[in-house]
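Below are the chains, spelled out letter by letter.
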Amino acid sequence: MATLRPGTETIRFRRPTNQPSGDKPSAPSIRKNRHAGLLQDQLRRSQKAPMCASFSLAFRIFLLVRVTGAMYSGLSDCDEVFNFWEPLHYLDRGHAFQTWETSPQYSIRSWAYILIHLFPAKVVTFMFGPEKRPAFFAVRVVLALVSATCEAFFYRTVVDKINYRVGRYLFFMMLFSAGMWNASVAFLPSSFAMYFNCIGFAYFIEPTTSTNMRRTLLATMAFATGALIGWPFSIAVALPFVFEELFLYAKDNVAPMNQTSWRIQRWSRLLQCGLVAALLLFPVVAIDTLFYGKLTIVPWNIVEYNVLSSNHGPNLYGTEPLSFYVNNLLLNTNIALPFAVLSLPALLITHRVDFKRLGERAGPERSSPYTLMVMRLLPMYVWFAIFGAQPHKEERFMYPVYPLIFFNAAVCLYLMRGWVEVAYVAYTKSPYRASQAVIFSRLTLSVLAASVVISVTRGIALYHYYRAPMALMNHFEAYEIPRVLNATGYVRLPPPQDPRHKRRIPESDEDEPRIDYDLITPFNLTLCFGKEWYRFPGSYLVPDGVTVEWIKSEFDGMLPGHFKRTPKKGGLVSRIHGTRVVPGGLNDMNKEEPSFYVDVNTCDYLVDSDYPLHPTSTPHEPRYAVHEAWDRVKCEPFLDASHSSLLTRTLWVPGEKWQQTNEYGDYCLLRNKRNMERKERVLTVHRTK
């Protein structure tokens, strides 16, 4: 290098910046360490990280799928309809069915939980008019929004705190799961608990330290919210979290002489967070006390009825063997279930044969990554142990741990990939060749692809095979009610352009007349359900001027009664007077109440199913669909599961050959010929020209 003379002027060049003159240069960006999670890759450590969606992108993808589910998934649980949609409809419209659970005598359903869903229903009514169907779907879309937010947050935390690949596996498993398709938009406390379990578990994933008060508080608040507002039994998911907080060092380095002070600090911190979270109980109790008219602690009532009752309880509504959950979870999570169940054994094997994947080994003064991973896999096993031992089993009881099942499955798949990497390196004696091999990515891709395909075909099967109940209610509101009003002169609908169509296809929104469904009130229409009572999709899908009633069927258990009717525009004050009334006929022993039935001859419309290939008829369940007194307004195909092949009724594949082993019945909306002819004749409006 040449030496310049003293005083020689020089020019120094630097990289151009986009900063305005006078601004301070920005600090250099710190590259995120992708190997700081509890599970660490052993190959390709210096290569570019696998592509993982950001929170924003993941949220938008989850939202797209969940909103689709909100619009097209059915209502698979009658408890969702009668214990939550109907009380919400009562708060909104002043009339609905009432179960014994919402009677002040028993009070095991929280009005606080129901009340928080009223806002989206009211907003949509204010914006788009008095029709109820938009309000129904608005509530489901809001549930989809909440679920997408929680799922995206959970996914990104797994990416950052566990491993990139585990996060990717979790993302695809959750996104396409048939179980999440239903659970994410279900109006159920167990779904609400699932949302907050996602959040609580996301905070739990980060190992605790004595200085991280925020993590403990937010996790405790999330778990408590799901339990106190949603379902109290969901707190069982938090047991490993509590154990770690109280007894494990986690990321703390604790010398033997400091163990006592450390333990006191940890216990007092969790106690403080628990007391703060318990404050959520006060508004819940206040709202429930207001609606029931007496001091009511619904979480305690739920526990008392389901756990402490001696002569009654959930077993009155049926018991199932353990295989019920196995079969149900295989339908809803498919191959993720065996992977999830094997996650703890897989972790033990990895600890023996691939311990470096679990990070550094800790000494006696600090918890090892192996121990921390065990605690994060335990919640699913705790849940399975508790609810598998209960005689009464339902699909919705598994909703709170659906995301945890997929988390365990993703961890297991990642660990198994690690075994293949170890075997490949041992065989080839070349870590470099292993880092260039594609067999590992092909292995995990094949598992994920199989899971996605099975999940999608299952979701399509649920729609195609069981959409009839909601489709009939849509036809009833969109076609049959307008037909009655048009035939009697209350409205004038343009004739159909094509005789094959029941109504004219409008060319634009302005070309379609908007129908005032209050015009149907003078007809005093009664829509009845018999043996299909448990598939009633809810009063939100029935126009206000139509009364829904039950007729006697072979079912001899407790059916819902009616809330005390209050004025439609009465507001919450009048609703509170109605919710405080103790209804007659409701009981917690599942005993039939004959006064809830009406004579079938008083029904103007009837929803019933008929299976022509395997017809059955009993005194209480005749074949109404073929009876001369009833007209078929609309019939939809409905899968006859008992006479269909297990494989083809479980999954849907396009093509006639796949459907050859399936049999279908008719799910029909029937019209009482005599009643409707008389009403249409008497109530016809004669307009003068």
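About the thresholds
Residues numbered from 1 in each chain as written. Predicted model: local features only at pLDDT ≥ 70, side-chain atom pairs only at ≥ 80, totals over all residues. Heavy atoms only, no water. Phe/Tyr/Trp six-rings, centres within 6.5 Å; stacked < 30°, edge-to-face > 60°. Helix = DSSP H or I, 4+ residues; strand = E, 2+ residues; numbered from the N terminus. Buried < 20%, exposed > 50% of the residue type's maximum accessible area, 1.4 Å probe, protein only. Salt bridge = Lys/Arg side-chain N within 4 Å of Asp/Glu carboxyl O. Contact = heavy atoms within 4.5 Å. Polar contact = N/O pair within 3.5 Å; in protein donor to acceptor, adjacent residues only side chain to side chain. Disulfide = S-S within 2.5 Å. Core = buried A, V, L, I, M, F, W, Y, C linked by side-chain atoms within 4.5 Å. Pairing = 2+ DSSP bridges. Axes fitted to C-alpha atoms, helices over the stretch in contact; angles between N-to-C directions. Parallel < 35°, antiparallel > 145°, perpendicular 65-115°, else oblique. Left-handed = near helix turned anticlockwise from the far one by under 90°. Nonpolar A, V, L, I, M, F, W, Y, C, P; charged D, E, K, R; others polar. Patch = residues over 30% accessible without salt bridge, like charges linked within 9 Å, V, L, I, M, F, W, Y side chains within 5 Å. Areas by Shrake-Rupley, 256 points an atom, 1.4 Å probe, with all protein chains shown as cover.

### A closer look at the packing of aromatic side chains
Inference 1: Inspection of the entire model under this criterion finds 57 aromatic pairs.
Inference 2: Where Phe82 meets Phe536, the ring centres are 6.2 Å apart and the plane angle is 25 degrees; that geometry is what we call stacked. One end of the pair, Phe82, is in helix 2 (residues 78–93); the other, Phe536, is in the loop between strand 2 (525–529) and strand 3 (546–550), with 454 residues separating them in the sequence. In this structure, Phe82 and Phe536 share a single accessibility class: buried.
Inference 3: Plain terms: the ring middles of Phe529 and Phe536 are 5.1 Å apart, the flat faces sit at 65 degrees to each other, and that makes the pair edge-to-face. The pair Phe529 / Phe536 is uniform in exposure class, with both members buried.

### Quick look at the pattern of salt bridges
Inference 1: If you walk through the whole model with that rule in mind, you get 33 salt bridges.
Inference 2: In this structure, Arg156 and Asp160 form a salt bridge, with 3.0 Å as the shortest nitrogen-oxygen distance. With Arg156 and Asp160 both in helix 5 (residues 133–161) and 4 residues apart, this pair spans about one turn of that helix.

### Considerations on the environment of His95
Inference 1: Mapped onto the elements, His95 comes out in the loop between helix 2 and strand 1 (97–98).
Inference 2: Taking the relative accessible area as the measure of exposure, His95 reaches 12% and is therefore buried.
Inference 3: With 444 residues separating them along the chain, His95 and Ser539 place their C-alpha atoms 8.7 Å apart.
Inference 4: Setting aside chain neighbours within four positions, we find His95 in contact with His89, Tyr90, Asp544 and Arg565.
Inference 5: A distance of 3.1 Å separates polar atoms of two side chains, one belonging to His95 and the other to Asp544.

### As for the state of the cysteines
Inference 1: In this structure the tally under the stated criterion is 2 disulfides.
Inference 2: With its sulfur 1.9 Å from that of its partner, Cys528 forms a disulfide with Cys603. When the S-S torsion is -90 degrees, as for the bridge of Cys528 with Cys603, the disulfide is left-handed. Here Cys528 is found in strand 2, whereas its partner Cys603 is found in the loop between helix 22 (571–579) and strand 5 (605–610), with 75 residues between them in sequence.
Inference 3: Take Cys528: its relative accessible area is 0%, and that puts it in the buried class.
Inference 4: Among the residues examined, Cys603 registers a relative accessible area of 0% and is labelled buried.
Inference 5: Each disulfide in the protein links cysteines that, numbered along the sequence, combine into the pattern 1-2, 3-4.
Inference 6: Free cysteine: Cys150, not disulfide-bonded; nearest cysteine sulfur from Cys198 at 6.1 Å.

### Some thoughts on the nonpolar core
Inference 1: By size, the foremost hydrophobic cluster in this structure holds 159 residues, and its most contacted members are Phe154, Tyr402, Phe407, Leu527 and Trp550.
Inference 2: Setting aside its immediate chain neighbours within four residues, Trp550 contacts Phe82, Phe97, Phe529, Trp533, Phe536, Leu559, Pro560, Phe596, Tyr597 and Val598.

### Some points on the pairing of strand 2
Inference 1: In terms of burial, strand 2 is largely enclosed, as 5 of its 5 residues are buried.
Inference 2: Of the two faces of strand 2, the one holding Leu525, Leu527 and Phe529 and the one holding Thr526 and Cys528 are both buried throughout.
Inference 3: Two elements, strand 2 and strand 3, share 5 bridges in a ladder whose sense is parallel. Paired with Leu527 across the strands is Val548, a residue of strand 3.
Inference 4: Relative to strand 5, strand 2 is paired through 3 bridges, and the arrangement is parallel. Bridge assignment links Leu527 to a residue of strand 5, and that residue is Tyr605.

### Brief notes about the side chain of Thr220
Inference 1: Inspection of the secondary structure puts Thr220 in helix 9 (residues 213–230).
Inference 2: A relative accessible area of 11% places Thr220 in the buried class.
Inference 3: In this structure Thr220 touches Phe241, Leu270, Cys273, Gly274 and Ala277, once residues within four positions along its chain are discounted.

### Things to note about the sheet that holds strand 3
In any sheet, the strands associate via hydrogen bonds between backbone groups, in a parallel or an antiparallel arrangement.
Inference 1: Reading across the sheet, the 5 strands line up as 3-2-5-7-6 and stay open at both edges, with mixed pairing between neighbours. Here the strands that pair on one side only, and so sit at the sheet edges, are strand 3 and strand 6 (630–639). Ignoring strand direction, the axes of neighbouring strands in this sheet form an average angle of 25 degrees.
Inference 2: Sheet topology note: the strand 6/strand 7 (residues 664–672) ladder contains 9 bridges and is antiparallel. Across the sheet, residue Asp631 finds its bridge partner in strand 7, namely Arg671.
Inference 3: In the packing of helix 20 (residues 439–466) onto the sheet, the strands contacted are strand 6 and strand 7, and the crossing angle to strand 6 comes to about 160 degrees.
Inference 4: Lying on the sheet, helix 21 (residues 468–487) is in contact with strand 2, strand 3, strand 5, strand 6 and strand 7; it crosses strand 6 at an angle near 155 degrees.

### Observations regarding the packing of helix 18 (residues 402–428) against helix 20
Inference 1: Relative orientation of the contacting elements helix 18 and helix 20 amounts to 150 degrees, with a least axis distance of 10 Å. By the angle class used here, helix 18 and helix 20 are roughly antiparallel. Relative to helix 20, the crossing made by helix 18 is right-handed. On the side of helix 18, the interface is formed by Leu413, Arg417, Val420, Glu421 and Tyr424, while helix 20 contributes Ile439, Phe440, Ser441, Leu443, Thr444, Val447 and Leu448.
Inference 2: By residue class, the composition of the contact of helix 18 with helix 20 is 8 nonpolar, 2 polar and 2 charged.

### Some words on a nonpolar patch on the surface
Inference 1: Judged by side-chain polarity, Ile297, Trp300, Val307 and Leu308 come together as a nonpolar surface patch covering roughly 390 Å² of accessible area.
Inference 2: Along the chain, Trp300 turns up in helix 13 (residues 298–308).
Inference 3: Since its relative accessible area comes to 45%, Trp300 is described here as partly exposed.

### Quick look at unusual backbone geometry
Inference 1: The residue Ala250 is not glycine, and still its phi comes out positive at about 60 degrees.
Inference 2: Relative to the elements of secondary structure, Ala250 occurs in the loop between helix 10 (239–247) and helix 11 (259–278).
Inference 3: On the accessibility criterion, Ala250 (0% relative accessible area) is buried.
Inference 4: Non-glycine residue Asn590 carries a positive phi angle of around 60 degrees.
Inference 5: Relative to the helices and strands, Asn590 resides in the loop between helix 22 and strand 5.

### Section: the environment of His620
Inference 1: Its place among the elements puts His620 in the loop between strand 5 and strand 6.
Inference 2: Taking the relative accessible area as the measure of exposure, His620 reaches 36% and is therefore partly exposed.
Inference 3: The sequence separation of His620 and Lys531 amounts to 89 residues, and the corresponding C-alpha distance is 8.9 Å.
Inference 4: Among all residues touching His620, those that are not within four sequence positions of it are Lys552, Ser553 and Glu554.

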